[in-house]
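As a plain string of letters, each chain reads:
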Amino acid sequence: MIQIKLVVPIKGYITDAFERFENFILLEEMENKNNESVKFELEEVVVAADQIGKLKLDADVIISRGLVTKLLKESNENIPVVDIPVQGIDLIRCLYDCKARFGRKKVAVIGASNMIYGVENLADIVDFPIQSYILNDIESSASLVDLAANDGCEVVLSGLSTCKYADEIGLGAILVETGKESFRQALIEAKRVALVSRREQEKAERYQTLLNYAYEGVIAVDLNGQVSVFNTAAREILSISKGSLIGNSIYDIVKQGKFRNMLLSDDEYQEDIVAYKSIQLSVKKVGVFLKSKKVGDMVAFQDITGIQEMEGKIRKKIHLRGHVTKYTFDDILFRSSEIKKTIEMAKRYSEVDSNILIIGETGTGKEIFAQSIHNQSKRKNNPFVAINCAALPEDLLESELFGYVEGAFTGAMKGGKPGFFELAHRGTIFLDEIGEISPKLQSRLLRVLQEREIMRIGDDKVIPVDVRIIAATNKNLIQMVKSTDFREDLYYRLSVLDLVLPPLRERREDIPLLVNAFIQNGISGPKHIMITDAAKKKLSEENWEGNVRQLQNFCERLSVLYKDKIIDVYDIEKYFPNKSEEKIWLNQEVEGNLSHGVSERERILQTLKEVNYNMGKAASKLGISRTTLWRKIKKWDIETK
């Protein structure tokens, strides 16, 4: 049985609709007397035009006319809607009736464009002037009648509510009737559409039955996020209660989080691990295309909790997830216009895949910006791998960046080791302090940028990599290029997009905001410590050569020293950071030189020997950072084991 719903504004709107329907059925049975005929049922649904958006129907096909058809198509996507055409013969009959009743007065024909298109061409046939007005919504009905009256029209041909208003203001009004031929044509089209829709539904049910017996959960959505597939396994894995889900919005079914974002994003995934409620899902996602045009997305997923055969793969995946980011642009605290402009530029950079060079003094937040750009980009679901180029000696840095094969050198791991470029595949690699790399590594890095491929140490095979490079430096690379300390071609490859971070002294209005955050969230967790405005003003007047990092370290010191009291100017001045770490150490070094006659080079070398060249222990004993220690080792050309 095929159910047809006739939606009309008043009962009996289509004259003799049921009688015409019965005649249509008889003709259909006669034409198909040798074949099994399809049973039809017609039901009239009366609804005002302004209530159509709230209408809920259960039918195989809907038929209606004019503006009601337009509104039904806009508010209903699941049931096909067939328009009852207003044919030329219907309009001619109505116009001749108008002429007989009102004479040769100017007539306004008001209706949806699918009803009255080209009606002015009938003026010569009926021998009186005609003007048409397109009705797009029921609210504009009265205004169009008023417009027609102002244009000199004395009679209105239209639908029910429009004619009613025209009659109220004293104009002639004639309802455009639906002829027998037009109604029969609509029924023929409704039959065709219903049969096609029924076949598509049967096909969808077969596919749904197959999917319901699949082990994996499967969900498919269209480009608007409406569900077209949701199998039984998906319900069970996600703990979705029974009920009709097809056609509903995924926003109403799947809880907010990474799994839903993944389903609605433009990216594709292979065996990605996602947390959903209390379970871990292994998710694959692909786009759905029709004739090369994307029409939706589909995910297939499993609950990996307790699946023994996937344990090794899952552990590896979770381990690799260590190369992730912590910061987004929302984590950057600021009030200054300088940082606002910098963030806006960084957000624009994140939309493209070009290499970025971040330039800024030590402690200005270069890695935070790099992570934020990654998290704003289309690579955000892939690895973010960071390495400080100044923290490792040349040979170790090379092996970390490019990896090595088994036996490449003494101490090489069995089976070899992938480098950071491989680990960052399809993601982002952040090369901090890029100005510290040697000419040899500059050449190897240039090849990666040019060819998008790497070769492990000791290997003769190339490995293609898809990596976005974000480099950072606190040095003047242009000056280094001029002095031949940095390759010119590498510089221009890295600085496709430049992002200059302002030092803290150029954004002093941000300091009180940063101080509040650092004081309240020290190294031992959130606190409730007060700091006076005068103290914050005093801190804002300092130049902070170590920038945000130095300010944060000083605030952490204050939060430890003053747990139970209000911090004032006196407290600030007592521990004011007049010297940076390196300056303090150099002053100590000068004092040592005066008393012991020991040079900086000799002291570093002596300390390295004492700790058997352990860089961490040596830096701690000297009272400087590992990065500073490496700079001094390079400065004094000290050999390390």
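Structure: see above.
Residues numbered from 1 in each chain as written. Predicted model: local features only at pLDDT ≥ 70, side-chain atom pairs only at ≥ 80, totals over all residues. Heavy atoms only, no water.

**Quick word on the side chain of Ser64**
By the element assignment, Ser64 lies in strand E3 (residues 61–64). The buried category is assigned to Ser64, whose relative accessible area is 2%. Of note is the side chain of Ser64, whose polar atom sits 2.8 Å from the backbone oxygen of Val7. When sequence neighbours within four positions are dropped, the list of residues in contact with Ser64 reads Val7, Thr69, Leu72, Val82, Asp83 and Ile84. (Helix = DSSP H or I, 4+ residues; strand = E, 2+ residues; numbered from the N terminus. Buried < 20%, exposed > 50% of the residue type's maximum accessible area, 1.4 Å probe, protein only. Polar contact = N/O pair within 3.5 Å; in protein donor to acceptor, adjacent residues only side chain to side chain. Contact = heavy atoms within 4.5 Å.)

**Quick word on the environment of Arg507**
Relative to the assigned elements, Arg507 resides in the loop between strand E22 (497–500) and helix H19 (511–520). Judged by relative accessible area, Arg507 falls into the buried class, the value being 4%. Sequence separation between Arg507 and Ser336 is 171 residues, and the spatial gap between their C-alpha atoms is 5.9 Å. If near-sequence neighbours (up to four positions away) are discounted, Arg507 is found in contact with Leu333, Ser336, Ile339, Pro502, Leu514 and Val548.

**Some thoughts on the packing of helix H24 (residues 600–610) against helix H25 (residues 615–622)**
Between two packed helices, both the angle of their axes relative to each other and the distance between the axes serve to describe the pair. Axis separation between H24 and H25 bottoms out at 9 Å; the angle between their running directions is 130°. What the angle tells us is that H24 and H25 run oblique. Every pair of crossing elements has a handedness; the one defined by H24 and H25 is right-handed. Across the interface between the two elements, Arg603, Ile604, Thr607, Leu608 and Glu610 from H24 touch Met615, Ala618, Lys621 and Leu622 from H25. Per-class residue counts for the contact of H24 with H25 are five nonpolar, one polar and three charged. (Axes fitted to C-alpha atoms, helices over the stretch in contact; angles between N-to-C directions. Parallel < 35°, antiparallel > 145°, perpendicular 65-115°, else oblique. Left-handed = near helix turned anticlockwise from the far one by under 90°. Nonpolar A, V, L, I, M, F, W, Y, C, P; charged D, E, K, R; others polar.)

**Focus: helix H6 (residues 141–150)**
For H6, the set of buried residues is Ser141, Leu144, Val145 and Ala148. Take H6 and look down its axis: the buried residues cluster within an arc of 100°, on one side only. Buried residues along H6 sit in contact with strand E5 (107–111), strand E6 (130–134), strand E7 (155–158) and helix H7 (160–168). (Arc of directions from axis to C-beta.)

**A look at the sheet that holds strand E13 (residues 293–303)**
The five strands lie next to each other as E10-E9-E13-E12-E11, forming an open sheet whose pairing is antiparallel. Strands with a single pairing partner mark the edges of an open sheet, and in this sheet they are strand E10 (227–230) and strand E11 (269–276). Pairwise comparison of adjacent strand axes, ignoring direction, gives a mean angle of 25° for this sheet. For strand E9 (residues 217–222) and E10, the ladder comprises three bridges, and the chain directions are antiparallel. The residue bridging Val221 from the neighbouring strand is Val227, located in E10. (Pairing = 2+ DSSP bridges.)

**Some points on the sheet that holds strand E2 (residues 40–46)**
Here we have four strands laid out as an open sheet, ordered E2-E1-E3-E4, and parallel in their pairing. In this open sheet, the two strands that pair with only one neighbour each are E2 and strand E4 (81–83). Taking each pair of neighbouring strands and ignoring which way they run, the sheet shows an average axis angle of 25°. Bridging between E3 and E4 involves three bridges; their strand directions are parallel. By the bridge assignment, Ile62 is partnered in E4 with Val81. Contacting strand E1 (2–8), E3 and E4, helix H2 (residues 66–75) runs over the sheet at an angle of about 160° to E4. Its contacts with the sheet put helix H8 (residues 180–212) on E1, E2, E3 and E4, and the angle it makes with E3 is roughly 160°.

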